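Here is what each chain is made of, one letter per residue.
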Amino acid sequence: MKSKALGPMPTGYSAIDGELAIGGHTASALVAEAGRTPLFVYSRDHLNARMAQLRAVLPSRIGVNYAIKANPHPDVLRHMQPLVDGFDIASSGELVMAQNAGLDPARISFAGPGKRDDELEAAIAAGVTLNCESEGEANRSLTIGQRIGKAPRMAIRVNPSFELKGSGMKMGGGAKPFGVDADRVPALAKQIMAEGAEWRGLHIFTGSQALNADAIIEAQGNVLDLAAELGAQIGTSLPKLNMGGGFGIPYFPKEEALDLPAVGAALHRRVADLPPELAETELCLELGRYLVGEAGVYLCRVIDRKDSHGTTYLVTDGGLHHQLAASGNFGTVVRRNYPVAIANKFDAEPDDIVNVVGCLCTPLDRLADLAHLPRGDVGDLVAVFCAGAYGATASPAAFLGHGPAAEILV
Ligand SMILES: *Cc1c(COP(=O)(O)O)cnc(C)c1O
């Protein structure tokens, strides 16, 4: 039987005593510490290393915000708090998480369509910057600010006419529920300032999960050009520009890591030559999965090993209720394999071809198809990599009643 390729293993994972080690601890020791599988393990070393790589290549002028929807685990947020320049949130629930992690609300911005009045009020009262998604939302924010006697801090999210090419999830270009169409932004900005809000500039997000440096460089250039043009039309110097993010990580076979130094070098060139409208502007990127995705591993245990018509199945206690994206049911058209390993036989030679599935009673619950792995038996641990972003909180944990996975930061 022919195997199907697995996604590329993220760097920084090695074996101790033949087992996958995360942050210096073997997988079985981590499971023993947590007391159960399935388990998400997040690595401080990986989080630190990724931030250090970014700081090394980005101009110091460009801040890094963490979009916490990628992984809002409280220990992860507390770890990220001193490493990043700000948090981006997308709900009042995330506001509470960000505040509990100790982040200064002045360094939090709140994007996302459909912000309710109670969410706007909580954010305005806390001094969080609202990235306004529409004229209607901006007007509700101004009204709420007047009612509670506090000037809202307001930026406008722009719906640009271009998008990040090759991005996994397109969020700009044409009709969108996100942001205000670019041609209407100057009028709204002037109104916001005239009504006494604190003007915080622009947010331009063009897409997600891009691995092509040239596409990111082009989109960032377009973002800076558009911000300068809108700044000139608004007529005052732009206080801040959130340039979006979109840096992807390789999940699937044949995907390659983003050429971060190339992106950094292009940003250095642009920042050295900014138009006058942006000369004083505070600049930042907002990144989610790039900061945390490769720092997480999902561990589950083999409960059953069975054969059906010549195909071997490793049935685990994990599944799509924790790792929806790895099952191929979160924004992918064709199912492909994430990087997967037998964690307690990490340096063994692969000699078996198996389907790794979850414990949910649905054919959608697949963790790896025809994976070439060392033989897995009942009791062995399966590791699914790239589990640090859009895992625990982006999967239907209530589906079928197995409950959420454990999560630890090491
Ligand atoms: C989701 C989101 C992000 C983070 O996306 P990643 O692909 O995880 O980097 C950043 N900004 C906005 C506005 C988002 O909606």
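Residues numbered from 1 in each chain as written. Predicted model: local features only at pLDDT ≥ 70, side-chain atom pairs only at ≥ 80, totals over all residues. Heavy atoms only, no water.

The condition is simple: UniProt positions are given in the numbering used here, feature names are shortened, and annotations may be inferred rather than shown by experiment.
Going by the annotation in an unreviewed UniProt entry, the name recorded for the protein chain is Pyridoxal-dependent decarboxylase, exosortase A system-associated, with Erythrobacter insulae given as the source organism. What UniProt records for the protein chain under Cofactor (unreviewed entry) is the sentence "pyridoxal 5'-phosphate".

## Notes on the sheet that holds strand β2 (residues 19-22)
As a reminder of what qualifies: In this analysis, strands are considered paired if DSSP registers two or more bridges between them. Numbering goes from the N terminus for both helices and strands, where a helix is a DSSP run of H or I of at least four residues and a strand is a run of E of at least two.
Spatially, β1-β2-β3 is the arrangement adopted by the three strands of the open sheet, whose pairing is antiparallel. Each end of this open sheet is capped by a strand with a single partner; those strands are β1 (14-16) and β3 (25-26). Of the strand pairs in this sheet, β1 and β2 are connected by three bridges, and their pairing is antiparallel. Bridging across to β2, Ser14 finds its partner in Ala21.

## A few points about the site of the ligand
Under the convention used in this document: The criterion for a residue being near a molecule or strand is simple. One of its heavy atoms has to lie within 4 Å of it. Polar contacts here mean pairs of N or O atoms no more than 3.5 Å apart (in protein, one a potential hydrogen donor and the other a potential acceptor; neighbouring residues in sequence count only if both atoms are side-chain atoms). The protein chains shown are the only cover counted for residues, whose accessible areas, like all others here, come from Shrake-Rupley with a 1.4 Å probe.
Neighbouring the ligand are twelve residues; Lys69, Ser208, Gly288, Arg289 and Tyr390 lie closest to it. Within the backbone of Arg289, one N or O atom sits 2.8 Å away from an oxygen atom of the ligand. Contact between the ligand and Tyr390: an oxygen atom at 2.5 Å from a side-chain N or O atom of the residue. Coverage of the ligand by the protein amounts to 92% of the 380 Å² it exposes when considered alone.

## Quick look at empty space enclosed by the protein
Empty space left among the atoms is revealed by rolling a probe the size of a water molecule over them. Worth spelling out the cut-off: Grid spacing is 1 Å over the protein atoms alone, the probe is 1.4 Å, and a cavity is where that probe fits but cannot get out, while a pocket is an open set with protein on both sides within 12 Å along at least five of seven lines and lining residues have an atom within 4 Å of a point. Grid points are joined across faces, edges and corners, and a volume is the space filled by probe spheres set on the points. Polarity classes work like this: nonpolar for Ala, Val, Leu, Ile, Met, Phe, Trp, Tyr, Cys and Pro, charged for Asp, Glu, Lys and Arg, and polar for all others, with Gly in that last group.
For the structure on display, the rule yields two cavities of 30 Å³ or more. Counted as a void, the largest cavity has a volume near 40 Å³. Along the walls of the largest cavity sit Leu164, Thr206, Ile216, Ala219, Gln220, Val223, Met243, Gly244 and Gly245, which together make up its complete lining. The class makeup of the residues in the lining of the second largest cavity is six nonpolar, four polar and one charged.

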